[in-house]
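# Summary of structural features
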Amino acid sequence: MRNLTFVDCVDVVGTACPPFPGTKKYVSTGAIDIDHIVDADTETVDYAGRPSRANLVAVAGDVLFAKMQGTKKTLLVTDALAESIYSTGFCAVRPKKGILTERCLYHLLTSQMFLAQKDKHCSGATQKAITNAGLEKIVINVPNIEEQETIADLLDAINRIISQRQRQLRALDSLIKARFVEMFGDIILNPYGYKKEKLKLTCNIVTGNTPSRSVPEHYGHHIEWIKTDNIVAGQLHPTKATESLSEEGMRVGRTVDSGSILMACIAGSIASIGRVCVTDRTVSFNQQINAIIPESYNTLFLYVMLQLSKEYLVEDISMALKGILSKSKLEDKEFIVPPIEQQEHFADFVSQVDKSKVIVQKALEETQMMFDSLMQDYFG
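Because the structure is predicted, anything quoted here is derived from the model rather than measured. The written sequence of each chain sets the order in which its residues are numbered from 1. Totals for whole chains, interfaces and linings use every residue, but because this is a predicted model, local features are given only for residues with pLDDT of at least 70 and side-chain atom pairs only at 80 or more, for both listing and counting. Side-chain numbers come from the whole structure's heavy atoms, not from hydrogens or water.

It is worth spelling out the pattern of salt bridges at this point. As a working rule, side chains carrying opposite charge can pair if their charged atoms are close by. Between Lys or Arg on one side and Asp or Glu on the other, a salt bridge is scored when a side-chain nitrogen of the former is within 4 Å of a carboxyl oxygen of the latter. For the coordinates displayed, the defined rule picks out 18 salt bridges. Across the pair Lys357 and Asp173 runs a salt bridge, and its minimum N-O distance is 2.6 Å. A residue pair is termed long-range when its members are at least 10 positions apart, and Lys357 in helix H11 (residues 340–379) and Asp173 in helix H5 (residues 145–184) qualify at 184 residues. Exposure class is identical for Lys357 and Asp173. Each is buried. A run of H or I in DSSP counts as a helix once it spans at least four residues, and a run of E counts as a strand once it spans at least two, with each numbered from the N terminus. For the exposure calls, accessible area comes from a 1.4 Å probe over protein chains only, and a residue counts as buried if that area is under 20% of its type's maximum, exposed if over 50%, partly exposed in between.

Have a look at this one:
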C-alpha cells in the first residue's frame, strides 16, 4: 500500500477535436446519468456547427469524469464510445502502468472518497470545478498492483448490483410515461381533442437570478441555491445544492415553495434544456432556471407532460445563437389541459409508482454505501 497523489497514478489525457467529415455523437455532461450515456440527451453534430464545448476526444481505456463540483458522472471509454465527441466539462485520465489498473481507476473515480476530495479542491467564481492544480492535491492509498485485480472483481460485482437497481428505476420511469400516453395520447397530435392553452394562462412562470457576488453577505447557509446541475434526469426532486444564500441573499433572490417545477432553460447543450424536477422544499434558484408554478394543472401531471415534450420545447432553439429557452418563449408554448379529475387520477398512479421508486432507491443507496465503505478501506 502506497500513499500517492492522484496525478502520481494517472496521466491527464484527451485532446481537442480534430476536423471530421459528416456527423458524430456529442455527449455533454448533462447526457451522463452517473455512469452511462442517456442517448435521448445526446446530440448529433457536424464539425462546424458543434457547440464550443464539444471539443474533447478520448481513446478506448480512458476514463472520463465531470469536473464540476457536486457531480458524479463517470464513463469508461470503450472502442464504440471513442467515436463520440465529449464536452470539455469532462476530464479524461488514463492509469499509469504498474501503478493502477484500468478497472480500479474507474471504481476510484465513482467513489465517495474521491468525489469528496474532488469537491474540496474545486475552484472558480461561479461554477466551481476541479483543475489540474486541484487534482494534484487529491491523495489516495494505492494497493499493490497484484491485489488490484482481486479488489476490482469484488467492486465489479457490487457495481453490477448498483447497475441493476438503476435499471429498475429507469424501467419505473418508462412505466409512468407509457401510462401517460395511454391516458392522454400524443401531446402534439392531441388525439382525444383536449383543450390547449398557452403555459402563461395556466401557470405562473418565474426566472431565477444571481444575487450580486460583490456583496459577500448575500451568500451563506439560509436557503439552498439550485443550479441546473441539481436538476437530474429521472429524479423527481432537485439534488442538494452545493451553494446557499443568506437571509439577505434570499431577499434579493428568487424563491419557490414545495410543489413547483424547476426547468433548465439555459445550458451548455440543447440536450440539457427542458430538464425538469419538482421542488420538495423551499429553494432559491439561478437565472438558468425558470420556475413553473401550476395554476390549472396537477403538478405531477405537468411534470410528466413536460418530460414528454422535450422536442417541442427546444424546437426553436439554436445553440449557434446561444441556446436559451426564454421565459417569453416558454410562456407561449401550448399544452393540452385535460380535466383536472383525469390529471389527478394520473397523478395518483405516479405517486404509487414513486413509492416503488423510493424502495429501489433506498436499496440502491445501501449498496452504494457498501461500495463506498470498501473503497475507503482499499484506497482511503
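With that settled, consider the sheet that holds strand E3 (residues 23–27). The four strands lie next to each other as E6-E3-E10-E7, forming an open sheet whose pairing is mixed. Whereas interior strands pair on both sides, the edge strands pair on one side only; in this sheet they are strand E6 (43–46) and strand E7 (54–56). Direction aside, the axes of adjacent strands within the sheet are offset by 55 degrees on average. Should DSSP find at least two bridges between two strands, the strands are regarded as paired. When E3 meets E6, the two strands line up antiparallel, connected through four bridges. Directly across from Lys25, in E6, lies its bridge partner Thr44. Between the N-to-C directions of two axes lies an angle of 0 to 180 degrees, each axis being a line fitted to C-alpha atoms and, for a helix, fitted only over the stretch in contact.

Attention now goes to the nonpolar core. Phe6, Leu100 and Ile292 are the most contacted members of the largest nonpolar core, which totals 77 residues. Counting residues per element, this core draws most heavily on H5, which supplies eleven residues. With sequence-adjacent residues up to four places away left out, Phe6 is seen in contact with Val93, Leu105, Leu108, Leu109, Phe114, Leu135 and Ile138. Throughout this description, the term nonpolar core refers to a set of buried Ala, Val, Leu, Ile, Met, Phe, Trp, Tyr and Cys residues connected via side-chain atoms within 4.5 Å. One finds Val27, Ala58, Leu64 and Tyr86 within the second-largest nonpolar core, a separate group that totals 13 residues. Note on definitions: a residue-residue contact is assigned when non-hydrogen atoms from the two residues lie within 4.5 Å.

As a further point, take the packing of aromatic side chains. Any two rings among Phe, Tyr and Trp, with Trp reduced to its six-membered ring, count as a pair given centres within 6.5 Å; such a pair is stacked if its planes are under 30 degrees apart, edge-to-face if over 60, and tilted if neither. One pass over the structure, following the stated rule, counts 16 aromatic pairs. Residues Phe180 and Phe346 carry aromatic rings whose centres are separated by 5.4 Å and whose planes lie at 80 degrees to one another, so their mutual orientation is edge-to-face. Of this pair, Phe180 sits in helix H5 while Phe346 sits in helix H11, and the two are 166 residues apart along the sequence. Here Phe180 falls in the buried class, since its relative accessible area comes to 0%. The buried category is assigned to Phe346, whose relative accessible area is 0%. Of the aromatic side chains, those joined through ring pairs into one cluster are Phe180, Phe184, Tyr192, Tyr194, Tyr297, Phe301 and Phe346. In this structure, Lys333 is placed above the aromatic ring of Tyr312, and the distance from its NZ or CZ to the ring centre is 4.4 Å. Whether a charge sits over a ring comes down to the Lys NZ or Arg CZ being within 6 Å of the ring centre and within 35 degrees of the ring normal.

For Pro238, the location among the structural elements is in the loop between strand E15 (219–226) and strand E16 (244–245). In sequence terms Pro238 and Ile289 are 51 residues apart; their C-alpha atoms lie 12 Å from each other. Setting aside chain neighbours within four positions, we find Pro238 in contact with Ile226, Asn230, Cys277, Val278, Thr279, Asp280 and Arg281.

Burial of strand E11 (residues 90–95) is extensive: five of the six residues sit out of reach of the surface. Relative to E11, strand E2 (residues 10–13) is paired through four bridges, and the arrangement is antiparallel. What sits directly across from Val12, in E11, is Val93. Note: strand E8 (residues 63–66) against E11, four bridges, orientation antiparallel. Note that in E11 the partner of Val63 across the bridge is Val93.

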